[in-house]
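Geometric and topological summary
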2 protein chains.
Amino acid sequence: MPTYAAPVADTLFVLNEVIGLPGQAGLPGASDLTADVVEAILTEAGRIASDVLQPLNQIGDREGCTRHADGSVTTPAGFREAYALFREGGWGGLSASEAFGGQGLPHVIGTAVNEFFSAANMAFAMYPGLTRGAVAAIESHGSDEQKALYLPKMIEGSWTGTMNLTEPHCGTDLGLLRTMAVPAEDGSFRVTGQKIFISAGEHDLAENIVHLVLARIEGAPAGVKGISLFVVPKFLPDADGNPGARNALSCGAIEEKMGIHGNATCVMNYDGAVGWLVGEANSGLKAMFTMMNEARLGVGLQGLAVSEIAYQNAVTYARDRLQGRSLTGRKAPDKPADPLIVHPDIRRMLMTMRAFNEGGRALILWTAFQGDLAHRAADMGVRQDGDDWMGLMTPIIKGVLTDKGFENAVMAQQVYGGHGYIREWGMEQFVRDARIAQIYEGANGIQALDLVGRKLTLNNGRAVQDFLRLAAGFCEEHANDERLAPLLKSLKRGMGDLRQALGWLMENAKVDPDNAGAASNDMMHLFGLVALGYVWAVSAQAAGNALEEGRGDADFMRAKLATARFFADRIMPETGAHLARIASGAGSLMALDAEAF
Amino acid sequence: MPTYAAPVADTLFVLNEVIGLPGQAGLPGASDLTADVVEAILTEAGRIASDVLQPLNQIGDREGCTRHADGSVTTPAGFREAYALFREGGWGGLSASEAFGGQGLPHVIGTAVNEFFSAANMAFAMYPGLTRGAVAAIESHGSDEQKALYLPKMIEGSWTGTMNLTEPHCGTDLGLLRTMAVPAEDGSFRVTGQKIFISAGEHDLAENIVHLVLARIEGAPAGVKGISLFVVPKFLPDADGNPGARNALSCGAIEEKMGIHGNATCVMNYDGAVGWLVGEANSGLKAMFTMMNEARLGVGLQGLAVSEIAYQNAVTYARDRLQGRSLTGRKAPDKPADPLIVHPDIRRMLMTMRAFNEGGRALILWTAFQGDLAHRAADMGVRQDGDDWMGLMTPIIKGVLTDKGFENAVMAQQVYGGHGYIREWGMEQFVRDARIAQIYEGANGIQALDLVGRKLTLNNGRAVQDFLRLAAGFCEEHANDERLAPLLKSLKRGMGDLRQALGWLMENAKVDPDNAGAASNDMMHLFGLVALGYVWAVSAQAAGNALEEGRGDADFMRAKLATARFFADRIMPETGAHLARIASGAGSLMALDAEAF
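Residues numbered from 1 in each chain as written. Chains lettered and ligands numbered in written order. Predicted model: local features only at pLDDT ≥ 70, side-chain atom pairs only at ≥ 80, totals over all residues. Heavy atoms only, no water.

Moving on to the domain arrangement of chain A. A common way to state how big an interface is: give the accessible area lost once the parts meet. All names here are of chain A. When its domains are assigned, chain A resolves into domain 1 (288-441) and domain 2 (452-589). On the side of domain 2, 27 residues touch domain 1, which itself brings 24 residues to the contact. Summed over the shared surface of domain 1 and domain 2, the number is 3 salt bridges. For K560, the salt bridge identified is with E358, shortest N-O distance 2.9 Å. Seen at the junction of domain 1 and domain 2, the total is 6 residue pairs in polar contact (both at pLDDT 80 or more). (Domains from an automatic or database assignment. Contact = heavy atoms within 4.5 Å. Salt bridge = Lys/Arg side-chain N within 4 Å of Asp/Glu carboxyl O. Polar contact = N/O pair within 3.5 Å; in protein donor to acceptor, adjacent residues only side chain to side chain.)

On the secondary structure map, P344(B) appears in helix α9 (residues 344-376). We classify P344(B) as buried; its relative accessible area is 3%. With 17 residues separating them in the primary sequence, P344(B) and L327(B) have C-alpha atoms 8.7 Å apart. Ignoring sequence-local partners within four residues, the contact set of P344(B) consists of D514(A), G517(A), A518(A), L589(A), M590(A) and L327(B). (Helix = DSSP H or I, 4+ residues; strand = E, 2+ residues; numbered from the N terminus. Buried < 20%, exposed > 50% of the residue type's maximum accessible area, 1.4 Å probe, protein only.)

Turning next to the side chain of K455(B). Residues and elements named next belong to chain B. Relative to the elements of secondary structure, K455 occurs in helix α12 (residues 444-455). Looking at K455, its side chain comes within polar contact range of the main-chain oxygen of G391, at 2.9 Å. Setting aside residues up to four positions removed in sequence, K455 forms contacts with G391, L392, P395, D450 and V464.

Our next topic: the relation of the copies chain A and chain B. When chain A is fitted to chain B, the best match, at an RMSD of 0.0 Å, comes from turning it 180° and sliding it 0.0 Å along the axis. With respect to symmetry, the two chain copies, as superposed, fit the operation of a two-fold axis. It is A577(A) whose C-alpha, among those of chain A, lies nearest the rotation axis, at 3.4 Å. Counting the interface residues of chain A, we find that 100% of their copies in chain B are interface residues as well, pointing to one common contact surface. (Least-squares fit on C-alpha atoms with pLDDT ≥ 70 in both.)

Next up on the list: the pairing of strand β11 (residues 265-278) of chain A. Residues and elements named next belong to chain A. Counting buried positions along β11 gives 10 out of 14 residues, so the element sits mostly inside the fold. Pairing analysis gives 9 bridges linking strand β5 (residues 189-199) to β11, with the strands arranged antiparallel. Considered in β11, the bridge of G193 is made with Y270. As paired elements, strand β7 (residues 227-233) and β11 share 3 bridges and run antiparallel to each other. Across the sheet, residue L229 finds its bridge partner in β11, namely V278. Direction of pairing for strand β10 (residues 249-254) relative to β11: antiparallel, over a ladder of 5 bridges. Note on β11: the bridge partner recorded for C251 is M268. (Pairing = 2+ DSSP bridges.)

If you look at the interface, chain A gives 89 residues, while chain B gives 89 residues. At the boundary of chain A with chain B, total buried surface from both sides reaches about 7600 Å², with 59% on carbon and sulfur atoms. At the junction of chain A and chain B, the tally comes to 6 salt bridges. The salt bridge involving R581(B) is made with E574(A); its shortest N-O contact spans 2.8 Å. At the boundary of chain A with chain B, the tally comes to 48 residue pairs in polar contact (both at pLDDT 80 or more). Each residue belonging to the side of chain A that touches chain B can be placed in one class, and the counts come to 41 nonpolar, 22 polar and 26 charged. (Buried area = accessible area lost by both parts, 1.4 Å probe. Nonpolar A, V, L, I, M, F, W, Y, C, P; charged D, E, K, R; others polar.)

Attention shifts here to the packing of aromatic side chains. In this structure the tally under the stated criterion is 41 aromatic pairs over all chains. Aromatic side chains W389(A) and F467(A) sit 5.9 Å apart centroid to centroid with 55° between the ring planes, which places their arrangement in the tilted category. Placement of the pair is W389(A) in helix α10 (residues 380-415) and F467(A) in helix α13 (residues 458-477), with a sequence separation of 78 residues. Note on F467(A): relative accessible area 1%, which makes it buried. With 5.7 Å between their ring centres and 90° between their planes, Y317(B) and W425(B) make a pair best called edge-to-face. You can see Y317(B) sitting in helix α8 (residues 284-320) and its partner W425(B) sitting in the loop between α10 (380-415) and α11 (427-437), a full 108 residues away along the chain. W425(B) gets classed as partly exposed once you look at its relative accessible area, which sits at 29%. Aromatic ring contacts, followed pair by pair, group W366(A), F369(A), W389(A), F467(A), F474(A), F527(A) and Y534(A) into a single cluster. Positioned above the aromatic ring of F406(A), the side-chain terminus of R435(A) is 5.5 Å from the ring centre. (Phe/Tyr/Trp six-rings, centres within 6.5 Å; stacked < 30°, edge-to-face > 60°. Lys NZ or Arg CZ within 6 Å of the ring centre and 35° of its normal.)

When the terminal C-alpha atoms of helix α6 (residues 122-141) of chain A are compared, their 28 Å separation across 20 residues agrees well with the 28 Å that a helix rising 1.5 Å per residue should span. The element α6(A) is extensively covered by neighbouring structure, given that 16 of its 20 residues are classed as buried. (Expected span 1.5 Å × (residues − 1).)

Moving on to the pattern of salt bridges. For the structure on display, the rule yields 62 salt bridges over all chains. R62(B) serves as the salt-bridge partner of E256(A), at 3.4 Å between the closest nitrogen and oxygen. Linking E256(A) in the loop between β10 and β11 with R62(B) in helix α3 (residues 57-63), this pair reaches from one chain into another. Residue classification places E256(A) among the partly exposed positions, given a relative accessible area of 40%. R348(A) is the salt-bridge partner of D345(A), the closest N and O atoms lying 2.7 Å from each other. Separated by 3 residues within a single helix, D345(A) and R348(A) lie in helix α9 (residues 344-376), roughly one turn from each other. One salt-bridge network, in which partners are shared between bridges, spans D10(A), E115(A), E308(A), R354(A), E358(A), R361(A) and K560(A).

Formed by 420 residues in total, the largest nonpolar core has its most connected members in F117(A), L350(A), F117(B) and L350(B). For this core, the domains that each give at least three residues are domain 1 (288-441) and domain 2 (452-589) of chain A. The residues touching L350(B), leaving out its near neighbours within four places in the chain, are F597(A), Y311(B), A314(B), V315(B), A318(B), I341(B) and V415(B). (Core = buried A, V, L, I, M, F, W, Y, C linked by side-chain atoms within 4.5 Å.)

Here the focus is the side chain of E202(A). Residues and elements named next belong to chain A. Looking at the element boundaries, E202 is found in the loop between β5 and β6 (208-217). Within the structure, the side chain of E202 is placed 2.6 Å from the side chain of K234, a separation counted as a polar contact. Leave out the neighbours within four places in its chain, and E202 touches G71, V73, I209, K234, R246, C251, A264 and C266.

Positioned with a positive phi, F197(A) is a non-glycine residue whose angle comes to about 60°. With respect to the helices and strands, the residue F197(A) is situated in strand β5. Of note, N460(B) is a non-glycine position whose phi angle comes to about 55°, a positive value. According to the relative accessible area criterion, N460(B) is exposed, its value standing at 79%.

All names here are of chain B. A complete count under the given rule lists 0 disulfides over all chains for this structure. Cysteine C266 remains unbridged, with the sulfur of C251 as its closest cysteine sulfur at 3.6 Å. Judged by relative accessible area, C266 falls into the buried class, the value being 0%. (Disulfide = S-S within 2.5 Å.)

It is worth spelling out the pairing of strand β7 (residues 227-233) of chain B at this point. All names here are of chain B. Counting buried positions along β7 gives 7 out of 7 residues, so the element sits mostly inside the fold. Where burial is concerned, the two faces of β7 agree: the one with I227, L229, V231 and P233 and the one with S228, F230 and V232 are both buried. By the bridge criterion, 7 bridges tie strand β6 (residues 208-217) to β7 in an arrangement that is antiparallel. Of the residues in β7, the one forming a bridge with L212 is V231.

Written out as structure tokens, the structure is:
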């Protein structure tokens with residue numbers, strides 16, 4: 001059975017030493033946030049993750065969710081009790097607006113906590129995860145009435161939320177969607193259509209479920225310009241705002257999936273369900289993107305989270321399992337064989353996972369912090385910088401950390417040998433669960449296109465230039481720091497590859513737009529490596545400082561430096577292959593006719 | 001529901017144009033093998049794969065195998081009938097010795113057929129697959145009596161075989177195994193112990209199951225030098241060689257696995273079971289390696305096979321699914337959207353799978369042919385070359401083609417978007433099934449160590465030097481062929497990286513043996529890329545020849561050239577990253593103490 005210990009120390013290192021969060025002047029919600037308070041929150045969240053959520057993870061996988069004849073759905077044993085505890089602890093409102101009952105802490109804190117919960121039980125953490133996305137959409141685009149009606153209940157967790165985009169014939173291409181909304185006389189709409197792959201679409205955890213549904217108002221223009229967003233609650237709120245009459249919507253089936261069985265992925269049927277427009281007619285896509293961006297960072301976080309728990313268990317197994325002898329002489333002469341961890345190829349796998357997890361954590365928390373600055377900083381320039389960083393890094397975090405998160409889950413499984421393939425050990429569940437993160441909230445190919453087709457060129461490439469300037473500035477500032485030298489050397493090589501790739505793209509995407517599509521996946525991963533290389537360099541510098549100044553645990557800081565070096569030596573060299581592929585263009589990729597496949 | 005069409009045309013291309021198999025002078029079994037006969041065999045095998053085995057694949061996954069209270073095991077619905085058909089068709093004896101009732105065709109033909117069967121239904125194909133390994137071990141190491149008793153039944157398929165190596169506390173490190181064999185007065189042994197992960201350990205397909213079991217004879221030396229191989233049949237053959245008394249062995253449980261549910265993976269309990277020594281006492285490991293090498297090529301073939309069927313279905317979906325518009329203008333203006341296949345990133349995935357499948361097929365068939373030469377060629381020098389190639393390529397094919405096969409199954413699933421995660425579409429089964437091939441018959445880390453620690457240095461590196469000479473000779477011979485120029489350029493760069501890596505290893509492995517372990521995985525993949533690059537160059541040259549000489553289907557040959565170019569442009573650049581990692585040594589990988597993880 002897998003176990004989990006939340007990486008509180010590493011999270012605190014990022015928050016305190018890298019970001020310098022506590023006492024951030026000018027950031028509402030952070031200025032009186034002491035390191036002690038942050039540590040107390042993280043420690044308690046870690047306890048819940050280990051003691052409450054993680055023990056339900058395998059149960060959730062085995063039992064799955066059950067749809068009954070009346071369309072109601074029950075979650076796996078223990079989920080209701082765990083959710084009640086989650087709700088009572090106020091965890092759903094940690095970073096939510098105080099105006100609607102939230103605790104108003106910076107999102108970076110909520111993000112850290114969500115990593116722990118997702119690692120311990122990804123399927124469970126999706127219920128509040130979807131709710132957060134729905135909250136963000138209503139808060140940004142809903143009317144004051146809608147906010148007042150829905151947000152307090154959702155933030156306190158007594159109601160949950162969903163996102164309804166996909167239909168059987170359209171996922172990525174939402175312009176094709178057919179769900180219709182017909183105006184009623186009282187200003188509401190009647191929504192009719194079928195949505196599929198609706199996570200947390202129906203369950204027994206909450207008093208009400210607030211569906212946000214993309215639909216087309218009768219007579220609206222074709223394509224994405226005719227899409228509107230509706231709030232369609234399972235129970236229509238009565239005059240007091242309590243769940244009233246049952247709405248005409250139901251779960252038609254639960255999908256049989258590869259993983260995340262503890263989350264009810266529903267086919268949702270809307271049969272003239274009462275809904276209300278959120279925001280303006282025909283601008284539903286914009287509202288949905290608010291939700292999607294929130295969700296995409298959350299999905300990137302899932303990639304990291306599953307990778308972390310898979311890594312932890314691989315370490316445990318590698319320490320315990322005796323098999324073979326070290327190439328450099330026996331290390332456990334009193335035992336029949338040495339533990340796996342003495343073998344370099346096992347180390348390669350452990351260090352690869354570790355380097356991605358720590359680097360990924362720093363990148364995600366840094367990005368969440370930039371999101372806080374974007375929303376809350378007093379200085380408008382700081383807000384813009386934060387927003388630029390968030391926009392640029394969202395597709396990278398979603399795409400790269402879920403691809404790597406999955407690869408790491410596979411690697412952790414590999415450490416277990418044959419036992420990794422057996423269900424009771426729990427490692428294969430991580431692989432099956434992690435896999436969805438590469439697919440949903442925009443498959444990773446879409447993330448890559450968002451990066452290449454939009455984020456790189458937005459505002460004349462301001463966000464990219466700012467990033468490169470920042471990283472180059474760091475390299476320059478620390479050019480004489482010998483401890484950082486190998487890291488900066490590899491970072492600079494990676495940045496050189498990235499610059500060349502960007503230059504190639506600028507030249508060649510106009511010649512043939514397929515060159516951009518052909519480069520997109522490699523560009524996303526190349527950029528991801530450089531972004532991770534940068535946060536690793538910053539983390540190493542922070543660890544070195546702490547070590548010199550005698551702050552924190554010296555062993556921790558030394559391990560941080562060693563892991564940074566591994567990243568530079570063993571991971572960063574991949575940038576060259578990405579550049580070579582990008583620069584080979586679309587030619588050999590598009591050479592075959594579709595019929596020739 | 002997935003479908004499958006055996007790649008007969010591509011297989012014939014490799015056999016006829018690349019290997020030049022039909023009419024091979026001096027190769028018994030091949031000299032009177034005309035192209036027509038080969039095509040007829042492959043076509044019929046393809047028909048069985050598509051019409052009989054593939055339709056049972058999802059059923060096998062859903063139903064799995066069932067162990068009854070008496071320890072008997074039933075396979076999924078339809079498996080018995082399919083196996084009867086397989087047996088009656090003589091498919092189990094295709095490449096087996098004529099002396100024992102086989103058809104004596106070259107192994108390269110059997111290998112081609114096994115790809116089709118494994119693609120259509122990997123779990124099913126494992127039953128005869130294990131039998132082939134057991135046949136090889138008995139044929140090489142058994143007594144004449146044992147051969148006469150077991151081989152005809154196994155080759156005709158009425159008895160199947162298994163390999164019993166793993167025990168709960170030892171997999172890779174067989175020196176730790178505890179199963180005991182006590183000599184009886186009649187020259188037989190009584191075998192006692194527990195074996196786990198025994199594929200096809202118990203089932204209802206055959207009249208008898210011939211277990212080959214590694215055990216330690218009472219008083220044998222500790223470690224691998226005290227291991228012997230025993231044949232322990234489920235039913236003891238009576239005087240006429242028919243199944244007689246039930247032996248004291250049983251299936252204690254069926255493992256719950258991530259995939260290959262149609263194959264019964266058993267915990268096998270031996271309780272004083274009657275067994276007979278195969279070969280000499282205490283040299284069981286050698287006998288087992290005969291079986292393992294056979295099995296390892298078979299597992300590499302599974303990686304290719306699942307990758308092929310996953311690819312085929314991804315192509316179908318990419319052609320059918322309408323989503324978005326081409327970046328270069330709409331391609332299906334009469335439809336609501338263009339098919340996925342117009343998008344460069346979808347092409348990237350399809351071409352990546354295709355290039356590995358065709359290259360992998362050429363490499364495996366070439367290697368199987370070298371195995372035929374090693375066993376059957378008249379010329380002793382040719383035999384030695386064949387044996388050298390086989391030994392060198394076995395860990396590479398097992399490790400690289402299963403790693404890539406799994407990645408490709410994941411990629412094919414990605415093409416399906418959300419539908420790829422849903423069981424009914426069948427794509428996620430390919431991922432779950434393909435995963436085991438990276439683990440069993442020696443986890444891929446062990447393959448990498450076999451390559452680096454043994455195969456590279458065997459006979460002073462003769463096999464490696466021969467390979468490099470062969471590839472360099474090809475490059476030189478075709479230096480003026482403009483059509484091949486980009487391919488040879490990328491191959492030569494890859495060979496340069498490989499040479500550097502080999503040189504680095506030779507220098508540094510003696511300084512610190514961990515440098516070899518730290519390099520092993522990258523060396524295996526680097527070598528694999530160069531080997532694939534070489535067979536791709538040879539294939540392209542053959543396709544170009546055929547095109548010029550008007551032989552075969554011109555569209556096929558042009559597609560072959562285009563896919564070769566893709567491999568050179570987009571896959572070969574990865575060699576540089578492998579070299580960089582190898583040359584970074586064991587330092588940053590071993591820097592952390594085991595306690596610091």
